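# Summary of structural features
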Amino acid sequence: MRGRPLVKRLAVAAVAGSALLAGCVQYGGYNPSYTVGWTSANAGYAAAGGAESDRIAINQCGVDGTWATWSTASYPSELTALHDNGQAALIRLDSCHGPKASGFSSFAADVVQRAAGLVQIRAVQVWSEPNFAVNWGGSIDPAGYAKMFKSAYTAIKSVANVPVISAGLAPVHKHQISCQYNDSLWTCPHNYLNQFLSKLKSLHVRVDGVGANLFPKIEDSTITPDSALANIQSEYNSVDSVDQKYGPWPIWVTETGVRTDAISGEQQGAIMKTYGDWLVNQTDLAALYVWMLIDDNSGNPNYGVLTTSGQPKGGRDGAYCQATAERGVTPAGC
């Protein structure tokens, strides 16, 4: 792995205690909780925590048909809140209609064109975790995703000059599934990425960045900063090896985090700082997004760096407060 000395700066700190590299990692963010929803206060939390940008997931079903429902959806207020906080947006697009959603490319172009009028766009990400069958119409199809990506890429570029990046791939660490595991439910990230980029090359289209979702393998009371670091290094390097083969393109870590249902907020902070410091020192890393800002108890328990009431986990030693300290900010609770 190519590294370089860590250059400290106060502008961004997406992972606890990790000042992002000037000229390398340009921005980072926290994901808003789906349970709590997006509010200006939540955007303010993200800004205080060191996020210059944030991810907004926009589903085709939310602005379906002719997208007349855009004006009544929450997306405009979410994007405006980011703009008002001096932030930018990573826009993730997918569809509840499945991988063969009718009009997906038109939807992608429409969303990007509308969003660009409300906020600066850092990048547009097409889909999420297509190597996990449940997220891809019940089957796994890297070639099908490549065709969708090409169509969406062309449509997005026709309306805005913004980076278009591939989906983050599910590491899937439940029940200690190894990276050799490969069946109809899940494909190892580097195997899937290799097939996707190979097909994309044959279609004569490129990507502007490669998405990756990185999580430690053992998220229970046995996790340590060292074990989490080893897991993250292995995952990142496997994605990077494929990226170097076909690109290289910048790697966007669009999800990473540690649950606190079995460990304390202070432990979460120490773990995320340890592997975050390593990640931001990788020269091909473009962005690092923490999953998530506020606890979401409907499917993503205790990943937040803030509690559901908005209190920083672990106080001054937690992930949120360490990030704010690097920016010279001391929010309430830190």
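Attention in this report is confined to the structure presented alongside it. (Residues numbered from 1 in each chain as written. Predicted model: local features only at pLDDT ≥ 70, side-chain atom pairs only at ≥ 80, totals over all residues. Heavy atoms only, no water.)

For the structure shown, the criterion picks out 2 disulfides. Covalently, Cys61 is tied to Cys96 through a disulfide, its sulfur atoms 1.6 Å apart. Taking the torsion about the sulfur-sulfur bond, which here is approximately -80 degrees, the covalent link between Cys61 and Cys96 counts as left-handed. Of this pair, Cys61 sits in the loop between β2 (53-59) and α2 (75-84) while Cys96 sits in the loop between β3 (88-94) and α3 (104-116), and the two are 35 residues apart along the sequence. By relative accessible area, which is 28% here, Cys61 ends up partly exposed. Here Cys321 connects covalently by a disulfide to Cys334, the sulfurs 1.9 Å from one another. Taking the torsion about the sulfur-sulfur bond, which here is approximately -80 degrees, the covalent link between Cys321 and Cys334 counts as left-handed. (Disulfide = S-S within 2.5 Å. Helix = DSSP H or I, 4+ residues; strand = E, 2+ residues; numbered from the N terminus. Buried < 20%, exposed > 50% of the residue type's maximum accessible area, 1.4 Å probe, protein only.)

What follows concerns the nonpolar core. Grouped together as the largest cluster of nonpolar side chains are 83 residues, with contacts concentrated most on Ile58, Leu93 and Phe196. Among all residues touching Phe196, those that are not within four sequence positions of it are Pro142, Tyr145, Ala146, Phe149, Ser166 and Val207. (Core = buried A, V, L, I, M, F, W, Y, C linked by side-chain atoms within 4.5 Å. Contact = heavy atoms within 4.5 Å.)

Residues Gly247 and Pro248 are joined by a peptide bond in cis, for which omega reads 0 degrees. With respect to the secondary-structure elements, Pro248 resides in the loop between α6 (225-246) and β7 (251-256). In the segment running from Trp291 into Met292, the intervening peptide bond is cis, with an omega of 5 degrees. Relative to the elements of secondary structure, Met292 occurs in the loop between β8 (285-290) and α8 (319-326). Phi is positive for Trp127, which is not a glycine, with a value near 75 degrees. As for its placement among the helices and strands, Trp127 is situated in the loop between β4 (121-126) and α4 (142-157). According to the relative accessible area criterion, Trp127 is buried, its value standing at 3%. Positioned with a positive phi, Glu129 is a non-glycine residue whose angle comes to about 50 degrees. Turning to its location among the elements, Glu129 is positioned in the loop between β4 and α4. Given a relative accessible area of 14%, Glu129 falls into the buried group.

For Asp317, the location among the structural elements is in the loop between β8 and α8. It is 6.3 Å that separates the C-alpha atoms of Asp317 and Gly269, two residues lying 48 residues apart in sequence. Look past the residues within four positions of Asp317 in its chain and what remains in contact with it is Glu266, Gly269 and Gln322.

Time to look at the sheet that holds strand β5 (residues 164-165). Strands sit in the order β2-β3-β4-β5 across an open sheet of 4 strands; the sheet is parallel. Looking at the sheet topology across the chains shown, the edges are occupied by β2 and β5. Taken together, the 7 bridges between β2 and β3 define a ladder with parallel strand orientation. The residue bridging Ile58 from the neighbouring strand is Leu93, located in β3. (Pairing = 2+ DSSP bridges.)

If you walk through the whole model with that rule in mind, you get 10 aromatic pairs. Considering the side-chain rings of Phe215 and Tyr303, the 5.7 Å spacing of their centres and the 75 degrees angle between planes classify their relative orientation as edge-to-face. Of this pair, Phe215 sits in the loop between β6 (210-214) and α6 while Tyr303 sits in the loop between β8 and α8, and the two are 88 residues apart along the sequence. With a relative accessible area of 9%, Phe215 lands in the buried category. The class for Tyr303 is buried, based on a relative accessible area of 11%. Among the aromatic side chains, those forming a connected cluster through ring pairs are Phe104, Phe107, Trp127, Trp136, Tyr145, Phe149, Tyr153 and Phe196. (Phe/Tyr/Trp six-rings, centres within 6.5 Å; stacked < 30°, edge-to-face > 60°.)

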